[in-house]
Amino acid sequence: MASSSDKLDRRQFVGNGVRIAGAIGLGGFVGFLAGRRGSADDTVWQIDPNKCIACGNCATYCVLDESAAKCVHSYPMCGYCELCTGYFEPDPNDLNSGAENQLCPTGAIVRKFVEEPYHEYSIDEALCIGCAKCVKGCNAFGNGSLYMQVRHDRCLNCNECAIAVACPSQAFVRVPASNPYLLKHKGTGA
Amino acid sequence: MMVVAVSAAAALAVERFPPPDFTDHQLPQTTTPHGRWLGWEYFDMAALAAGLVLASYFALGRRSRKGLVGLATVAMVWLGFWRQGCVCAIGAIQNVSLAVFDPSYTVPLTVIAFFALPLLVTLFFGRTFCAAVCPLGAVQELTLVRPVRVPGWVDQSLGLVPFIYLGAAVLFAATGAGFIICQYDPYVGFFRLSGNAAMITFGICLLVIGLFIGRPYCRYLCPLGAIFGLFSRVSGRHVRIPPDECIQCRLCEDACPYGAIRPPTVPQTPAERARGRRRLGWMLALAPVLVVVGTGLGYTLATPLSLVHREVRLAERMKLEEAGKVEGTIDASDAFRNTGRPARELYTEAIALRERFAFLGGLLGGWVGLVIGMKLVHLSIRRKRDEYSPDPAWCVSCGRCFEYCPSEQQTLIQELPTLEKSGV
């Protein structure tokens, strides 16, 4: 039957045309996307410490059971206070490392005597849950040297960060993967 | 002492307690551990390409269900459990939409690859990506134990949901309101073995439903499946049920758990044909009406929809707070006030966003109308079929039907002696 095979040929021809047009269209779109991104670096999530209000969402909203956002310390900014408002509860019984005096619920801040009257505070990252209680304390009365950062050895780099969605101050931003931290330095202010 | 310290802090403002100059104390360094090595991205892309080639080969060349199941398992382990579900072709739709509407957003190379390659393959070979490369598809494929047939009308109606979901996902991604496909991904919690309670519950429900109803996410939710369906319709080399000619034995009729096998058509009487034509005419006339109604509805619904965007939500809240209509403040409004930006700026931004929502909401409504209209038109068009064949839009090329076909069995038996001789 000549007519039926003609029909088949025509259908094949149209089909090929549509497929090729589709492939060219898709290629064009990919070209547009590639052109738009240019040679820019891929991005990862990070907390802008100047926008962070230490609300505590980092601890609970991360898709990981133990949040990828943790507290870090800018040592050159720290005042090395004996009464550290990031370390101690308001009105502590005593200025020692007793659990009842500490702000940190997991005891993740290590207090070490340096010289009279200075103490050094460092973070035991394995214990930190990213609740930002110390950050809040340090920002309220101290130099603001304790701050939150997304730790990239833990972060899954979700397509849309779940903490970013819950962040009230829009402090979560996409930063270049080659430079993935927004560190606080001396002189950047409390 | 505390009082002195605080008043000193107020005076200095920036550096409340000047850092001491230690003579012999080395300050520790803040560590900056890096994430995944960026070169892995290229590995992901290469693995995706290899997966697509293999899936197409197993489905179309080898016609091997075993190969497809094996590949699906690997995909589930690699993209699911190892990569934790977060380089995903379905989610890539949102990154691509955001990149189109927001030039400042950098869309990762992997995302472009995960968006384009599966579509390209589907255009030529059908939904082989769904068969064995998508980790979400793999989970559902491997957990389907007792398929139950879904009535045609339910299947067709629920099949509209992915198109609507797709439209909504593009709208919210394009306006920067959020990535809803990622937020409501039911299986990602399963891959990560953690997540919020609501989504885990949803995931478990879907897994249980999936024991009986084949691929509930793929068929009734997956927005990428909707695009694949359109692309697959024109695929040149799609999976066939028989290896060669269909002998119309009807053995494969119940083979498909996804309701994708269409039987051969029976000739119509002239009266039936006339009725069908009239119906098609009505549906063609109805489609533009649905589009117009949808556009109107979408335009009106855009204002409540815009509340999904946090900036709009914040502006609303700020307005209420300023007017004294609500008591107290929330973290978000406090944070905004702390920035020192005037509230007016926020309101202007929110209004601009509202306008964008109104435009895109109208488009979304029109899209929904168009989808429903086209579905009705499509259901009214009769295409002549001479053999049992998979509906390319619904078929995910899983290969379950191959072994039902006696012609396939015949070829397998014929191949058997040669296989034995070659020592396999």
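Rules behind the numbers
Residues numbered from 1 in each chain as written. Chains lettered and ligands numbered in written order. Predicted model: local features only at pLDDT ≥ 70, side-chain atom pairs only at ≥ 80, totals over all residues. Heavy atoms only, no water. Domains from an automatic or database assignment. Contact = heavy atoms within 4.5 Å. Buried area = accessible area lost by both parts, 1.4 Å probe. Salt bridge = Lys/Arg side-chain N within 4 Å of Asp/Glu carboxyl O. Polar contact = N/O pair within 3.5 Å; in protein donor to acceptor, adjacent residues only side chain to side chain. Helix = DSSP H or I, 4+ residues; strand = E, 2+ residues; numbered from the N terminus. Nonpolar A, V, L, I, M, F, W, Y, C, P; charged D, E, K, R; others polar. Buried < 20%, exposed > 50% of the residue type's maximum accessible area, 1.4 Å probe, protein only. Axes fitted to C-alpha atoms, helices over the stretch in contact; angles between N-to-C directions. Parallel < 35°, antiparallel > 145°, perpendicular 65-115°, else oblique. Left-handed = near helix turned anticlockwise from the far one by under 90°.

Draft legend 1. Region of the structure containing the domain arrangement of chain A. Entries for chain A in the domain assignment read domain 1 (1-39) and domain 2 (43-176). Summarising the inter-unit geometry, the C-alpha centres of domain 1 of chain A and domain 2 of chain A are found 54 Å apart.

Draft legend 2. Looking closely at the domain arrangement of chain B. Residue and element names in this part refer to chain B. Per the domain assignment, the segments making up chain B are domain 1 (46-265 + 389-414) and domain 2 (270-380). Contact with domain 1, which involves 16 residues of that partner, is made by 16 residues of domain 2. Taking both partners together, domain 1 and domain 2 bury about 1,500 Å²; carbon and sulfur atoms supply 76% of that area. A per-residue breakdown of the area domain 1 buries against domain 2 is headed by Leu160, Leu171 and Thr175, which together make up 34% of the total. Counting every contact that joins domain 1 to domain 2 gives zero salt bridges. Where domain 1 packs against domain 2, one counts six residue pairs in polar contact (both at pLDDT 80 or more). If one sorts the elements of the side of domain 1 that touches domain 2 by residue count, helix H9 (residues 161-174) sits on top with eight residues. Looking at the side of domain 1 that touches domain 2, its residues break down into eleven nonpolar, four polar and one charged.

Draft legend 3. Region of the structure containing unusual backbone geometry. Residue and element names in this part refer to chain A. In this chain, Glu116 is followed by Pro117 through a cis amide linkage whose omega measures -5 degrees. Relative to the helices and strands, Pro117 resides in the loop between strand E3 (109-115) and strand E4 (118-123). We note that Tyr80 has phi near 55 degrees; this positive angle belongs to a residue other than glycine. The residue Tyr80 is located in the loop between strand E2 (69-73) and E3 in this model. Tyr80 gets classed as buried once you look at its relative accessible area, which sits at 1%.

Draft legend 4. Seen up close, the interface of chain A and chain B. Contacts between the two partners involve 68 residues from chain A, matched on the other side by 67 residues from chain B. Carbon and sulfur atoms supply 63% of the area buried between chain A and chain B, which totals about 5,400 Å² over both sides. Considering only the surface of chain A that becomes buried against chain B, Arg19(A), Arg36(A) and Asn159(A) emerge as the three largest contributors, covering 12% of it. Our count for the chain A to chain B interface comes out at zero salt bridges. At the surface where chain A touches chain B, the tally comes to 19 residue pairs in polar contact (both at pLDDT 80 or more). Of all elements in the fold, only helix H1 (2-37), E2, E3, E4, helix H3 (133-141) and helix H4 (162-166) of chain A reach the threshold of two or more residues within the side of chain A that touches chain B. Ranked by residues supplied to the side of chain A that touches chain B, first place goes to H1(A) with 13 residues. Each residue belonging to the side of chain A that touches chain B can be placed in one class, and the counts come to 37 nonpolar, 15 polar and 16 charged.

Draft legend 5. Quick look at the packing of helix H4 (residues 89-101) of chain B against helix H5 (residues 109-125) of chain B. Residue and element names in this part refer to chain B. Remark: H4 packs on H5, axes separated minimally by 8 Å, with the N-to-C direction vectors making an angle of 115 degrees. Classed by the angle they form, the pair H4 and H5 counts as roughly perpendicular. Our pair here, H4 against H5, has a crossing hand that is left-handed. Seen from H4, the contacting residues are Ala89, Ala92, Ile93, Asn95 and Val96; seen from H5, they are Val111, Phe114, Phe115 and Pro118. For the contact of H4 with H5, the per-class residue count stands at eight nonpolar, one polar and no charged.

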